[in-house]
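The chain contents come next:
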Amino acid sequence: MGLGMGLAPDTLLDVRGLEVVFAQPDGPVYAVNGASFHVRRGEWLGILGESGSGKSVSLLSILGLLGDNGRVTAGEAWFDGEDLLRLPERHLRTIRGRRIGVVFQSVSAGLNPFLRVGAQVMEPMLQHHFCGKAEARQRALALLAEMGIPDPETRFHSFPFELSGGMRQRVMTAVALACDPDLLIADEPTTALDTTVQVQVLRVLRDACARRRMATIMVTHDIGVAANVCDRVLVMYAGMVMEVCPIDEFIERPAHPYTLALRASHLDVRHRRKPLVSIPGTAPVLREPPRGCPFAERCAFAADVCRRERPPLMPLAEPAAAAGTGAPSDRHWVACHRAKEVVALGDHAVVDRR
Amino acid sequence: MSSVPSLIHPVPSLVFRRRSAWRRFVRSKLSVAGLVWLTLIAAATAFGPWLAPHRPTDMDFMHANEGPSWQFPFGTNNLGQDLFSMVLYGIRYSMVIAVVATAVAFLVGAVIGLAAGMRGGWVDHVLMRFTDFMFAFPGFYFAMILLVTLGRGMPSLILAIGVTQWAGFARLIRGLVLTMRDGDLVESGHAIGASTWYIATRYVFPNIVNSIIVYTAFTMANMMNQEAMLSLIGFGPELPVVSFGTLMAMGATYDLGYTYLMYIPTSIFILTLMSLVAVGDGLQEMLSPKGAVK
């Protein structure tokens, strides 16, 4: 199952064969279809994909934060020797906010409007008996300062509505980091912010993570953001992992047609009048588990085999290392029947076949 | 003066928000009048025994059946008891019952409503069927049975009229919880590892309390009404203890010739009920977020 290989000893989270189904009034929706990925200590993993590709859902599901209608139907999520998907809620609660911090996208609704900023940062520490009240206060002030909030002593007593979006996002990050978690899950942390603020928040976040050697999984649909801060990227589509590779491979040698298309549709201010490329069609809502490749309908490379067989996630260029004996390769994996041709064509493929 | 807004103090203050909310309440003259009246009633409830010029049990046969005067502001009954003092004691009795019964109904309803809304699933199902049953239950007649069984008096009255009223709170609170449960705020509470009960009380409840306050005002009016009706048909406190209901009953039965005995307590009661409703309306206007943009 999953990657079918041993994992490096510093692997913090290892998700295998995750499947999530949502019960809708008009039948089930298959949101995540056998996603496998892992993240190492101190590593920054980006999850890329369109809206509805299952990136947020897969992370929420391993935290037990799915709504009533969502259900994990298969898979494992090993975090430090425990399978999160099989832990009782009571036990999982001691991990959320303590060992795994979460930052959400919404800067308006993520904070409790009735609690002052300081109390809100102290809350996880007190809930988890991480430290005493006096120490929690000191830590909260230090965290607010670390997040680049000017005059934390004053802001400590502010209500969320008195803060700007960027400031609120910093407070939410401080809440997530309050108990020094091993893993930070950031669900589009900067999407709601404007570009300059986005960069500030990302820089603060990256520095804070580096200081703690904390692993971070960041969900984003902004390739620019991912390219700037991530060590590795994972591309998701229809609840499946399409490609996972280090960021330099993602830039230099994308191997999945969907990755290519995503990259091509990213706007670049330096290339005025560059042809605007979009992916025809929309991301599918799967009413039944995908049989072939879910991207086949929108794919310029699609062949018969793509509609028949689901492509497995395979190592791209280093098959020897993947099967091998020494350190297993986690360099570049792709789920595409025609990956070799895609690599050979590179970015030309998109423009030519637009 | 330039019309460019100042950039020095861009932070809105809570004081400002409070004041604009108050302004919305004051806009309705009826609500203000209701509030003034309820303040008087509250004062009578709190200080009644010290304000009363006579003890309500004192009989003064030399002044029986007298109309209002300086000595007896509301007049006296056929036993020469001072109606003004009796009204003060009656207000106290009825208000205490209404407040305590409302508080009990609120507490029970809040626990059930929060539990049903937050837990969902079979917990929600069971609790809400129970609530539906309470709604359909003819509570007034059940209250009579309860009073006969337990004996008359304040604790039985509170139990009798409060025992069915929690259902409204439960249903309201559950509905409000459901609007928030799948929202970002609740999710962020779960994300820090807080327990469901902690999230319900610290995250959800403060956000829905406005709507509950409004409903509370109406429920209190309903409680007073129930108490008065039970007293009117003879299930109220036993003399010499008086409530609004027993005073109205007294005025209605054996003092037919002396109409002020009927008019005065009944008018005060009607005014109190109407004030509660008016204040409830005012609160609704004041606390509704829509009011702010009008």
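The rules behind these values
- Per chain, the residues get numbers from 1 upward, laid out in the order the sequence is written.
- Chains carry letters and ligands carry numbers; both start at the beginning, A for chains and 1 for ligands, and go up in the order they are written.
- Confidence filtering applies because this is a predicted model: local features only for residues at pLDDT of at least 70, side-chain atom pairs given and counted only at 80 or more, and all residues used for totals across whole chains, interfaces and linings.
- Hydrogens and water molecules were not included; the side-chain quantities draw on all heavy atoms of the structure.
- UniProt positions are given in the numbering used here, feature names are shortened, and annotations may be inferred rather than shown by experiment.
- In DSSP terms, a helix is any run of H or I states spanning at least four residues, a strand is any run of E spanning at least two, and both are numbered starting from the N terminus.
- In what follows, residue pairs with any heavy atoms lying within 4.5 Å of each other are defined as contacts.
- Using a 1.4 Å probe, accessible areas were evaluated by the Shrake-Rupley method; residue-level cover was limited to the displayed protein chains.
- Only protein chains enter the accessibility calculation, which uses a 1.4 Å probe; a residue is then buried when its area is under 20% of its type maximum, exposed when over 50%, and partly exposed in between.
- One requirement defines pairing of two strands: DSSP has to find at least two bridges between them.
- Like-charged residues within 9 Å of one another, or nonpolar side chains (Val, Leu, Ile, Met, Phe, Trp, Tyr) within 5 Å, are grouped into patches, provided each residue has over 30% relative accessible area and no salt bridge.
- Put simply, a salt bridge is a Lys or Arg side-chain nitrogen that is within 4 Å of an Asp or Glu carboxyl oxygen.
- To pair, rings of Phe, Tyr and Trp, with the six-membered ring standing in for Trp, must have centres within 6.5 Å; the planes then decide the type, stacked if under 30 degrees apart, edge-to-face if over 60, and tilted in the middle.
- Placement of a positive charge over a ring is assigned whenever Lys NZ or Arg CZ falls within 6 Å of the ring centre and within 35 degrees of the normal to the ring plane.
- Summed over both partners, the accessible surface that disappears when two parts come together, traced with a 1.4 Å probe, is what is meant by buried area.
- In protein, a polar contact means a hydrogen-donor-capable atom and an acceptor-capable atom, both N or O and within 3.5 Å, with residues adjacent in sequence counting only if both atoms are side-chain atoms; elsewhere, any N or O pair within 3.5 Å suffices.
- For the purposes of this section, nonpolar cores are sets of buried Ala, Val, Leu, Ile, Met, Phe, Trp, Tyr and Cys residues that join through side-chain atoms within 4.5 Å.
- Per-residue confidence from the prediction method is given by pLDDT, with values spanning 0 to 100.

Identification of chain B as Peptide ABC transporter permease from Alicyclobacillus cellulosilyticus is taken from an unreviewed UniProt entry. Here is the UniProt Subcellular location (unreviewed entry) comment for chain B, exactly as written: "Cell membrane".

Chain A appears in an unreviewed UniProt entry as Peptide ABC transporter ATP-binding protein from Alicyclobacillus cellulosilyticus. Here chain A is described in UniProt, under the heading Subcellular location (unreviewed entry), as follows: "Cell membrane". Chain A has a UniProt comment under Sequence similarities (unreviewed entry) that states "Belongs to the ABC transporter superfamily."

Colleague: Outline the overall build of chain B, listing residues and values.
Modeller: What chain B contains, in helices and strands, is 12 helices and 0 strands. Listing every helix and strand of chain B by position from the N terminus yields α-α-α-α-α-α-α-α-α-α-α-α. Long-range contacts, defined here as pairs at least 24 residues apart, represent 70% of the contacts in chain B between residues at least 6 apart. With an accessible surface of roughly 15,100 Å², chain B has 70% of that area assigned to carbon and sulfur atoms.

Colleague: Go over the pairing of strand S10 (residues 240-246) of chain A with me, naming the residues and quoting the values.
Modeller: All names here are of chain A. Of all 7 residues that make up S10, 7 are buried, and the element is covered over most of its length. Taken together, strand S9 (residues 232-237) and the strand that follows it, S10, pair antiparallel across an intervening segment of 2 residues, in which Ala238 is found at a positive phi of about 50°. Note that S10 and strand S12 (residues 333-334) share 2 bridges and pair antiparallel. Along S12, the bridge assignment pairs Glu243 with Val334.

Colleague: Lay out a nonpolar patch on the surface with the relevant residues and their values.
Modeller: Residues and elements named next belong to chain B. A contiguous nonpolar patch, built from Trp22, Val26, Val32, Leu35, Val36 and Leu40 and spanning about 500 Å² of accessible area, is present on the exposed surface. When residues of the nonpolar patch are traced back to their parent elements, those giving at least two are helix H1 (14-26) and helix H2 (29-51). It is H2 that contributes the most residues to the nonpolar patch, 4 residues altogether. Tracing the sequence through the fold places Leu35 in helix H2.

Colleague: So what's going on with the packing of aromatic side chains? Residues and values would help.
Modeller: Applying the stated criterion across every chain, the model contains 13 aromatic pairs over all chains. Ring centres of Tyr258 of chain A and Phe295 of chain A lie 4.9 Å apart, and the angle between their planes is 65°; this geometry places the pair in the edge-to-face category. Separated by 37 residues along the polypeptide, Tyr258 of chain A in helix H10 (residues 257-264) and Phe295 of chain A in the loop between H10 and helix H11 (304-308) bring together distant segments of the chain. Between Phe106 of chain B and Phe205 of chain B, the ring centres sit 6.2 Å apart and the planes meet at 55°, which makes this aromatic pair tilted. You can see Phe106 of chain B sitting in helix H3 (residues 83-119) and its partner Phe205 of chain B sitting in helix H9 (residues 196-235), a full 99 residues away along the chain. Cluster of aromatic residues (ring-pair linked, three or more members): Phe106, Phe169, Phe205 and Tyr215 of chain B. When the ring centre of Phe156 of chain A is taken as reference, the NZ or CZ atom of Arg137 of chain A above it lies at 4.7 Å.

Colleague: Give me the UniProt feature "transmembrane region" (unreviewed entry) in chain B: which residues, what numbers.
Modeller: Residues and elements named next belong to chain B. Under the UniProt annotation, the feature "transmembrane region" (unreviewed entry) is placed at residues 96-118, 130-150, 157-177, 197-218, 230-254 and 260-280. Helix makes up 100% of residues 96-118 and strand 0%, and the two end C-alpha atoms of the span are 32 Å apart. Counted over residues 130-150, helix gives 90% and strand 0%. Its end C-alpha atoms are 24 Å apart.

Colleague: Give me the interface of chain A and chain B: which residues, what numbers.
Modeller: Listed by partner, the interface residues are 26 residues for chain A and 21 residues for chain B. The largest share of the area that chain A buries against chain B comes from Arg93, Gln127 and Phe161 of chain A, three residues that together contribute 24% of it. The tally of links between chain A and chain B comes to 0 salt bridges. For the interface between chain A and chain B, the tally reads 7 residue pairs in polar contact (both at pLDDT 80 or more).

Colleague: Provide a residue-level description of the nonpolar core, including the pertinent values.
Modeller: Core analysis: the largest hydrophobic core is formed by 138 residues, its most contacted members being Val121, Met125 and Val171 of chain A. The element that contributes the greatest number of residues to this core is H3 of chain B, accounting for 16 residues. Residue contacts for Val171 of chain A: discarding those within four places in its chain leaves Leu111, Val117, Val121, Leu144, Ile149 and Leu163 of chain A.

Colleague: Run through the pairing of strand S1 (residues 11-24) of chain A, naming residues and quoting values.
Modeller: Most of S1 of chain A sits out of view: 10 of its 14 residues are buried. Between S1 of chain A and strand S2 (residues 27-40) of chain A, which pair antiparallel and follow one another directly, the connecting turn spans 2 residues.

Colleague: Tell me about the confidence of the model for chain B, and please be specific about residues and values.
Modeller: Residues and elements named next belong to chain B. Confidence in the prediction for chain B averages 79 pLDDT; 86% of positions are at 70 or higher. Considering only residues more than four positions removed or in separate chains, one finds that residues 1-16, a stretch of pLDDT under 50, has 6 contacts. For this predicted complex, the interface score ipTM comes out at 0.77, while the overall pTM is 0.75.

Colleague: Kindly report on the pattern of salt bridges, identifying the contributing residues and their values.
Modeller: Any two side chains of opposite charge can pair, so long as their charged atoms come close to each other. Residues and elements named next belong to chain B. Within the structure shown, the criterion is met by 21 salt bridges over all chains. The partner of Asp132 in a salt bridge is Arg129, and the shortest N-O contact between them spans 3.1 Å. With Asp132 and Arg129 both in helix H4 (residues 121-136) and 3 residues apart, this pair spans about one turn of that helix. Look at Arg129 and you get partly exposed, because its relative accessible area is 42%. Ionic pairing is found between Arg171 and Asp132, a salt bridge with its closest N-O pair at 2.6 Å. In this pair, Arg171 sits in helix H7 (residues 166-181) while Asp132 sits in helix H4, placing the two residues 39 residues apart along the sequence.

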